[in-house]
Amino acid sequence: MKFHASLIAAACALALSACGGESQQPVDTAAPAPAPATPADTAPVDTAPVDGAPVDGTTTPATGTAPAATDPTAAGGTAGAGTDAATSAGAAAGGEAVVTGCSVAIEGNDMMKFNVSSITVPSSCSEFTINLTHVGRLPEAAMGHNVVVTAASNMASVAADGISAGASAGYVKAGDDRVVAATEMIGGGESTSVTFDVSKLKDGGPYQFFCSFPGHAALMKGSISVG
Ligand SMILES: [Cu+2]
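Residues numbered from 1 in each chain as written. Predicted model: local features only at pLDDT ≥ 70, side-chain atom pairs only at ≥ 80, totals over all residues. Heavy atoms only, no water.

Caption draft 1: The overall build of the protein chain, seen in detail. Of the regular secondary structure elements, the protein chain holds eight helices and ten strands. Put simply, the protein chain has 227 residues, and 37% of those count as buried. Expressed as a percentage of contacts within the protein chain between residues at least 6 apart in sequence, the contacts between residues at least 24 apart total 69%. Here the protein chain has roughly 11,800 Å² of accessible surface; of this, 60% comes from carbon and sulfur atoms. (Helix = DSSP H or I, 4+ residues; strand = E, 2+ residues; numbered from the N terminus. Buried < 20%, exposed > 50% of the residue type's maximum accessible area, 1.4 Å probe, protein only. Contact = heavy atoms within 4.5 Å. Areas by Shrake-Rupley, 256 points an atom, 1.4 Å probe, with all protein chains shown as cover.)

Caption draft 2: Up close: the state of the cysteines. This model, assessed by the stated rule, comprises one disulfide. Shown here is the disulfide that connects Cys 102 with Cys 125, its sulfur atoms set 1.9 Å apart. One quick way to see it: the torsion about the S-S bond of Cys 102 and Cys 125 is about -90°, and its sign makes the bridge left-handed. Highlighted residues: Cys 102 in the loop between β2 (99-100) and β3 (103-108) and Cys 125 in the loop between β4 (116-121) and β5 (127-134), separated in sequence by 23 residues. Under the relative-accessibility criterion, Cys 102 is labelled partly exposed at 32%. (Disulfide = S-S within 2.5 Å.)

Caption draft 3: Geometry of the coordination of the copper ion. Coordination of the copper ion by the protein involves Gly 144 (O), His 145 (ND1), Cys 211 (SG) and His 216 (ND1), with metal-donor separations of 2.1 to 2.6 Å. For the copper ion, the single-chain donor residues occur in sequence as G-H-x65-C-x4-H. Taken as a pair, Gly 144 in the loop between α7 (140-143) and β6 (148-151) and His 216 in the loop between β9 (207-210) and β10 (221-226) lie far apart in primary sequence, 72 residues in all. (Donors = N, O, S within 2.8 Å, 3.2 Å for Na, K, Ca; no water.)

Caption draft 4: Quick peek at the packing of aromatic side chains. Summed over the entire model, instances satisfying the criterion amount to three aromatic pairs. With 5.5 Å between their ring centres and 50° between their planes, Phe 114 and Phe 209 make a pair best called tilted. Remark: Phe 209 occurs in strand β9 and Phe 114 occurs in the loop between β3 and β4; sequence separation between them is 95 residues. With a relative accessible area of 6%, Phe 114 lands in the buried category. Geometrically, the ring pair formed by Phe 128 and Phe 196 is edge-to-face, given 6.1 Å between the ring centres and 70° between the ring planes. On the criterion of sequence distance, the pair formed by Phe 128 in strand β5 and Phe 196 in strand β8 (residues 191-197) is long-range, its members being 68 residues apart. (Phe/Tyr/Trp six-rings, centres within 6.5 Å; stacked < 30°, edge-to-face > 60°.)

Caption draft 5: Layout of the pattern of salt bridges. Scanning all chains against the criterion turns up two salt bridges. One salt bridge connects Asp 161 with Arg 178, and the closest N-O pair in it is separated by 2.6 Å. One end of the pair, Asp 161, is in helix α8 (residues 155-165); the other, Arg 178, is in the loop between α8 and β7 (179-182), with 17 residues separating them in the sequence. By relative accessible area, Asp 161 is classed as partly exposed at 26%. The partner of Asp 176 in a salt bridge is Arg 178, with the nearest N and O atoms 2.8 Å apart. Connected via shared salt-bridge partners are Asp 161, Asp 176 and Arg 178. (Salt bridge = Lys/Arg side-chain N within 4 Å of Asp/Glu carboxyl O.)

Caption draft 6: A look at the sheet that holds β7. Pairing in this open sheet of six strands is mixed, and the strands run β1-β4-β10-β9-β6-β7 from one edge to the other. At either end of the open sheet lies a strand with only one pairing partner, and these are β1 (95-96) and β7. (Pairing = 2+ DSSP bridges.)

Caption draft 7: Up close: the nonpolar core. In terms of nonpolar packing, the biggest core is built from 31 residues, with Ile 106, Ile 119, Ile 130, Val 149, Phe 209 and Ile 224 touching the most fellow members. Elements represented by at least two residues in this core include exactly β3, β4, β5, β6, β7, β8 and β9. Ignoring any residue separated from it by four or fewer positions in sequence, one finds Ile 130 in contact with Val 104, Ile 106, Val 147, Val 149, Thr 192, Ser 193, Val 194, Phe 196 and Ile 224. Listed in part, the eight residues of the second largest apolar core include Val 148, Val 179, Phe 210 and Ala 217. (Core = buried A, V, L, I, M, F, W, Y, C linked by side-chain atoms within 4.5 Å.)

Caption draft 8: Structural detail: the environment of Glu 127. As for its placement among the helices and strands, Glu 127 is situated in strand β5. Judged by relative accessible area, which is 46%, Glu 127 ranks as partly exposed. Distance from Glu 127 to Ser 103, taken between C-alpha atoms, is 8.6 Å for residues 24 residues apart in sequence. Dropping the residues within four chain positions of it, Glu 127 is found in contact with Cys 102, Thr 195, Phe 196, Asp 197 and Val 198.

Written out as structure tokens, the structure reads:
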């Protein structure tokens, strides 16, 4: 008899719908679980406009949105805005930059990303201009971006020396002859550009472009070559 009773109890526990009264409690207990969804609601506001890639949110705990990013709810909530972000981001996939004449326009955003990962400078150009626009909203001090061009083999050391040089130097060591070109550091909503001699890219290489703001080079970098 006891055994039989416990079986029924177990059955009730498993089939919640079969046991009216008791099943209500587990359901109520489960209800608070979505509570984390509340903070998640605020997360998409920060995450959505930033980038269409949910992956970024997960790999950027620095933004403070990390807890929300782990919540599947956040991904769902972002879906709608994500479409817009993907559209506005355009080439944000990180592919080859569209070069017009002897210049290229690239973007940096609040998710610490450039919208291109490769730039091919036409060999017919004697000078080349890189136009950088920071499409984010964060200020330079928090999410500054620039474009520094250097030999790939020098990137790490140039970045390290830039950090030593500090914010006042735009995170680029003054007179650094390893630097082929470097824009000033800008914040959200700003634009800048730099023009350099293409002949500087024709010897050696491969070359890379990157952002020298502390910690950004890991994500904000790409290849630049003469094609
Ligand atoms: Cu940057």
